[in-house]
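The primary structure of each chain is shown beneath.
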Amino acid sequence: MKVLSWNGPKQIDVEERPMPECKKDEVLIRVDVVGICGSEIEGFLGHNSLRVPPLIMGHEFSGYIEEMGDEVQNVLIGSKVVVNPLISCGSCPKCRRGLENLCDNRQIIGVHRPGAFAEYVVVPASSVIEVPKSLDSYTASLSEPLACCLRAVRRALAQHPFSNVLIYGAGAIGVLSGFVADILGARKVVIADINNDRLNTLNNVGFNHTLNPNEESFEEKLSEMAGPEGIDVVIDAAGFLPTRTQAASIVNTGGVIMNIGLGIDETPLPVNVFIRSEITVLGSFCYTKQDFHDAVNLLVDSKIDIKGWTQERELNEGQQAFLDLIGNRVENSKIFLS
Ligand SMILES: [Zn+2]
Ligand SMILES: [Zn+2]
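Residues numbered from 1 in each chain as written. Chains lettered and ligands numbered in written order. Predicted model: local features only at pLDDT ≥ 70, side-chain atom pairs only at ≥ 80, totals over all residues. Heavy atoms only, no water.

A. Broad picture of the domain arrangement of the chain. According to the domain assignment, the chain contains domain 1 (2–142 + 306–337) and domain 2 (148–283). Taking only C-alpha atoms, the centre of domain 1 and the centre of domain 2 are 28 Å apart. Taken together, the contact pairs 13 residues of domain 1 with 13 residues of domain 2. Between domain 1 and domain 2, roughly 940 Å² of surface is buried when both sides are summed, and carbon and sulfur atoms account for 57% of that area. (Domains from an automatic or database assignment. Contact = heavy atoms within 4.5 Å. Buried area = accessible area lost by both parts, 1.4 Å probe.)

B. Looking closely at the coordination of the zinc ion (ligand 2). Taken together, the protein donors to the zinc ion (ligand 2) comprise Cys89 (SG), Cys92 (SG), Cys95 (SG) and Cys103 (SG), at separations of 2.3 to 2.4 Å. With 4 donor atoms in place around the zinc ion (ligand 2) and angles of 102 to 118° between them, the coordination shape is tetrahedral. Within one chain, the residues donating to the zinc ion (ligand 2) are spaced in sequence as C-x2-C-x2-C-x7-C. For Cys92, a relative accessible area of 6% puts it in the buried group. (Donors = N, O, S within 2.8 Å, 3.2 Å for Na, K, Ca; no water. Tetrahedral: all angles 85-135°; square planar, octahedral: opposite > 155°, others 65-115°. Buried < 20%, exposed > 50% of the residue type's maximum accessible area, 1.4 Å probe, protein only.)

C. Structural context of the UniProt feature "domain: Alcohol dehydrogenase-like C-terminal" (unreviewed entry) in the chain. On the UniProt side, "domain: Alcohol dehydrogenase-like C-terminal" (unreviewed entry) is annotated at positions that read residues 172–299 here. The distance from the first to the last C-alpha atom of residues 172–299 is 15 Å, and the span holds 45% helix and 14% strand. (UniProt positions renumbered as here; feature names shortened; annotations may be inferred. Helix = DSSP H or I, 4+ residues; strand = E, 2+ residues; numbered from the N terminus.)

D. The arrangement of a nonpolar patch on the surface in detail. On the surface, Leu269, Val271 and Ile275 cluster together into a nonpolar patch covering about 260 Å² of accessible area. Among the secondary structure elements, Leu269 is positioned in the loop between strand E14 (256–259) and helix H9 (271–276). (Patch = residues over 30% accessible without salt bridge, like charges linked within 9 Å, V, L, I, M, F, W, Y side chains within 5 Å. Areas by Shrake-Rupley, 256 points an atom, 1.4 Å probe, with all protein chains shown as cover. Salt bridge = Lys/Arg side-chain N within 4 Å of Asp/Glu carboxyl O.)

E. Quick look at the coordination of the zinc ion (ligand 1). At this site the zinc ion (ligand 1) is bound by Cys37 (SG) and His59 (NE2), with donor distances of 2.1 to 2.4 Å. Of this pair, Cys37 sits in the loop between strand E3 (26–35) and helix H1 (38–45) while His59 is found in the loop between H1 and strand E4 (60–68), placing the two residues 22 residues apart along the sequence. For His59, a relative accessible area of 4% translates into the label buried.

Following this line, the structure appears as structure tokens:
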């Protein structure tokens, strides 16, 4: 079978590999569509210590069951499926509390074991969720990033359900967070990014409030959009010094800053402001099984429209897709390979 093998910094090669075999509790999936995740761009550059070359990445995917082990009962050959790539142990203290995303022994498909930048991939049957054949494979492949956003945004909005929300980052996580905030009842969703092409793309898909933080009039325009209610919730899907610093200065007293962008490790922050203004600073990582199921249901119910902000390329063109992403030459927020 054909795979994309990440062989070292900035080097992905198309290679031929033997078909993987499934153990008794695993299934073989014929991959239909796989998305490229922001974390994989870091991986491609060699900035992620968990990803060790040679590695087949790819953890946002959909496909069809081609083969299954003797003990598998939850799916049939030919079923259309998406895969929760986070494998948890089920028995550590975090798993016991329902926080599989924080499992002490967690493994991720495409990080700790071969992923879906390939024609076929083997995964545990317990990681598979069947979806209707009427759900198109591109939309289905958003289950994983949408699950991340769902967890983050619903926690951020828990105390401020109908407030104005500012999102930093017009990548897929920012855009999907925007959709989720809308679905959960946010009043206005403002998306900020320094890439004007991406902001224009978002205007075309119905996000009418977009801003470039590098423009001098940013704060003025933001307060015009937000009105007297201001910004109760900031979702930082970028995670760099300017966004973290600005988030702390513009969020309302009593507001929430939700961090999901892993841009840089450390940032000096005005903790005394958080104390005196009762600002809640949160982080969110991956998703629980429930978050993942809820994300799949939103997609099945057509609550997320992929038109206008995503693009499709051939699996063979993986190397070029990554080079374009690191060169900031992609106006869309998400690239799918198929
Ligand atoms: Zn991802
Ligand atoms: Zn565990």
